[in-house]
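Examining the three-dimensional arrangement
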Amino acid sequence: MYAKDDYIAVFDSGVGGISVLRQLRKLMPDEKFIYFGDTANAPYGSRPTSEVRTLTLAAAQMLREKYPVKALVVACNTATAAAIETLRVAYPDFIVIGIEPALKLAADHFPGGRIGVMATQVTLREEKFDHLLHRFDRECTVAKIPAPGLVELIEGGKGDSPECEVFLRELLGPYAGRLDALVLGCTHYPFVQRTIAKVLGPETILLHGGAGTARETKRRLEKAGLLRTGQGEVILLESQGNPAKLELARRLLG
Ligand code: DGL
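Below you will find a few notes about this structure. Since we're looking at a predicted model, the values are computed, not measured.

**Let's talk about the site of the ligand**
Close to the ligand lie 13 residues; Ser13, Tyr44, Asn77, Thr78 and His188 are nearest. Here an oxygen atom of the ligand and a side-chain polar atom of Thr78 are 2.6 Å apart. Within the backbone of Thr187, one N or O atom sits 2.8 Å away from an oxygen atom of the ligand. Burial of the ligand by the protein amounts to 99% of the accessible area it has alone, namely 300 Å². Tallied by class, the residues present in the shell around the ligand amount to 5 nonpolar, 7 polar and 1 charged.

In C-alpha cells, the structure reads:
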C-alpha cells in the first residue's frame, strides 16, 4: 500500500500550483514532493469542463503509474471544480485533496461584506462554485470576476511586466476601494498579488486557499499515519519539455 517515504504529488495546469507547493513545503519540509504542471495543455480555465476532467484524470494516472505517490494535491481550482469527484470515485483509497476559492474564509472575516472572487471561467461556471456561492451570498455581496488572459501572462513569465499591470488595472480598476476582500480563486494569481494590491488599494484584503490546502493535506496524512521525517525533496516536471518552463517554476518556488 502507501508508505511514508512515498511522494506527495502536486498537480496544476501549469506553474500556478507552485503557490500551493510553497505552502506545503513550509508546513511539511520533511516530505518528498513531485510537482507536475500540464503546461502543454494550459490554460485549462477556458476549456470545456469535460476536457479539463479528461486532462486531470490523465495526469493523476500518469503520476500514480510512474511514481510511488501517497497523496495527490490538485493545486488547481479549475481542475478541482471539473474533476475532484471523478478522481475520488476512480481512486477511493487514495488521499486526494482539492482547492477551492477561499470564499468561506472571506465571509468569516467580513460578515455582510463586499467580496470579489477572481477565478477562471470554468471555476466560476461550475456547479461546485454555485453551491459555495449560495452558502454565502445571502449574507455577503459577492462579485464574480473572471480573468481570461491572466494565466497566459503568468505562464509566459510576464507576471511582473507593465503589460500585466495594464491588464490588472483594466480588470480590477472598477473595484478599487469597493471590496473588503478579493479571493484569488486560481493558484496562478498569488504570483501577481502585489500588483493586484496596488490596483485595489489598502482597504481590500487578498485571500487564497493555499495555506488551508496545505493544512488539510497534513491533517489527512497524519490521520493515515503517513507523515514523513527526514530530508525533504522536490521534483519538478512539466509536459511541454520546455527548460524555460522549469526555470520559471524554480524561480517561483524560490
Ligand atoms: N491554476 C489554475 C486554477 O487554480 C488555472 C489555470 C488555468 O486556467 O489553466 O484554477
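**As for the packing of aromatic side chains**
Counted according to the given criterion, the structure contains 4 aromatic pairs. When the ring of Phe11 is compared with that of Phe36, the centres are 6.1 Å apart and the planes differ by 20°; the resulting orientation is stacked. One end of the pair, Phe11, is in strand E1 (residues 7-12); the other, Phe36, is in strand E2 (residues 32-37), and 25 residues separate them in sequence. Neither Phe11 nor Phe36 differs from the other in exposure class; each is buried. Aromatic rings pair up to connect Tyr2, Tyr91 and Phe94 into one cluster. The ring of Tyr7 has Lys32 sitting right over it, with the charged end atom 4.7 Å from the ring centre. Over the face of the ring belonging to Phe94 we find Arg64, whose NZ or CZ atom lies 4.4 Å from the ring centre.

**Focus on the packing of helix H1 (residues 18-27) against helix H10 (residues 210-223)**
Closest axis-to-axis distance for the H1/H10 pair is 8 Å, and the angle between their directions is 45°. Viewed along their axes, H1 and H10 adopt a mutual orientation that is oblique. When the axes of H1 and H10 are compared, the crossing they make is right-handed. Across the interface between the two elements, Val20, Gln23, Leu24 and Leu27 from H1 touch Gly210, Ala211, Thr213, Ala214, Arg215, Thr217 and Lys218 from H10. Of the residues assigned to the contact of H1 with H10, the class counts are 5 nonpolar, 4 polar and 2 charged.

**Considerations on the sheet that holds E2**
Strands sit in the order E4-E3-E1-E2-E9 across an open sheet of 5 strands; the sheet is parallel. On the outer flanks of this sheet lie strand E4 (95-97) and strand E9 (233-238), each paired with one strand and no other. Across the sheet, the mean angle separating the axes of adjacent strands is 20° when strand polarity is ignored. Relative to E9, E2 is paired through 6 bridges, and the arrangement is parallel. Looking at the pairing, Gly37 lines up with Glu238 of E9. Against the sheet, H1 makes contact with E1, E2, strand E3 (69-74) and E9, and its axis sits at roughly 175° relative to E2, the strand it touches most.

**Remarks on the sheet that holds strand E8 (residues 205-207)**
Overall, parallel pairing links the 4 strands, which are arranged E6-E5-E7-E8 in an open sheet. In this open sheet, the two strands that pair with only one neighbour each are strand E6 (141-146) and E8. Looking at each pair of strands side by side, their axes are set apart by 20° on average, direction ignored. Alignment of strand E5 (residues 114-119) against strand E7 (residues 181-184), held across 4 bridges, turns out to be parallel.

**Describing the pattern of salt bridges**
Evaluation of the coordinates by the stated rule reveals 13 salt bridges. Here Arg228 makes a salt bridge to Asp5, at a shortest N to O gap of 2.7 Å. Of the two residues, Arg228 sits in the loop between H10 and E9 while Asp5 sits in the segment before E1, which places them 223 residues apart along the sequence. Here Arg228 falls in the buried class, since its relative accessible area comes to 15%. A salt bridge links Arg169 to Glu165, with the shortest nitrogen-to-oxygen separation between them at 3.1 Å. Here Arg169 and its partner Glu165 are both found in helix H8 (residues 162-172), 4 residues apart, which amounts to about one turn of the helix. Beyond isolated ion pairs, a larger network of salt bridges with shared partners links Glu165, Arg169 and Lys198.

**A closer look at the pairing of E1**
For E1, the tally of buried residues reaches 6 of 6 residues, placing the bulk of the element in the interior. Every second residue of E1 is oriented toward a common face, with Tyr7, Ala9 and Phe11 on one face and Ile8, Val10 and Asp12 on the other, all of them buried. Both E1 and E3 contribute to a ladder of 5 bridges, which runs parallel. Paired with Val10 across the strands is Val73, a residue of E3. Taking the sense of rotation as the criterion, the β-α-β connection linking E1, H1 and E2 turns out right-handed.

What counts and how
- Each chain carries its own residue numbering, running from 1 in the written order of its sequence.
- At least 70 in pLDDT is required for a residue's local features to be given in this predicted model, at least 80 for side-chain atom pairs to be given and counted, and no such filter applies to totals for whole chains, interfaces and linings, which use all residues.
- Processing note: side-chain calculations cover all non-hydrogen atoms of the structure and skip hydrogens and water entirely.
- Here, proximity means that at least one heavy atom of the residue falls within 4 Å of the molecule or strand.
- Pairs of N or O atoms within 3.5 Å make up the polar contacts considered here, provided that, within protein, one atom can donate a hydrogen while the other can accept it, and that residues adjacent in sequence are counted only when both atoms are side-chain atoms.
- We get accessible surface area from the Shrake-Rupley algorithm with a probe of 1.4 Å; when it comes to residues, only the shown protein chains can shield them.
- Note on residue classes: Ala, Val, Leu, Ile, Met, Phe, Trp, Tyr, Cys and Pro are nonpolar, Asp, Glu, Lys and Arg are charged, and everything else, Gly too, is polar.
- Only centres within 6.5 Å qualify two rings of Phe, Tyr or Trp (six-membered ring in Trp) as a pair; their planes then separate them into stacked at under 30 degrees, edge-to-face at over 60, and tilted for everything else.
- Strands are runs of DSSP state E lasting at least 2 residues, helices are runs of H or I lasting at least 4, and numbering of each runs from the N terminus.
- Burial classes: relative accessible area under 20% of the type maximum marks a residue as buried, over 50% as exposed, and values in between as partly exposed (1.4 Å probe, protein chains only).
- Here, a charge over a ring is recorded when the distance from Lys NZ or Arg CZ to the ring centre is within 6 Å and its angle to the ring normal is within 35 degrees.
- To get an axis, a line is fitted to the C-alpha atoms, and for a helix only the part in contact is used. The angle between two axes follows their N-to-C directions and goes from 0 to 180 degrees.
- Orientation labels follow simple angle bins: below 35 degrees gives roughly parallel, above 145 gives roughly antiparallel, 65 to 115 gives roughly perpendicular, and whatever is left gives oblique.
- For any pair of crossing helices, the crossing counts as left-handed if the nearer helix is rotated counterclockwise from the farther one by less than a right angle, and right-handed if it is rotated clockwise.
- Contact definition: two residues touch when any of their heavy atoms are within 4.5 Å.
- Paired strands, in this sense, are two strands between which DSSP finds at least two bridges.
- Here, a salt bridge means any side-chain nitrogen of Lys or Arg that lies within 4 Å of a carboxyl oxygen of Asp or Glu.
- Seen with the strands pointing away from the viewer, any crossover whose path from the first strand over the helix to the second strand runs clockwise is right-handed.

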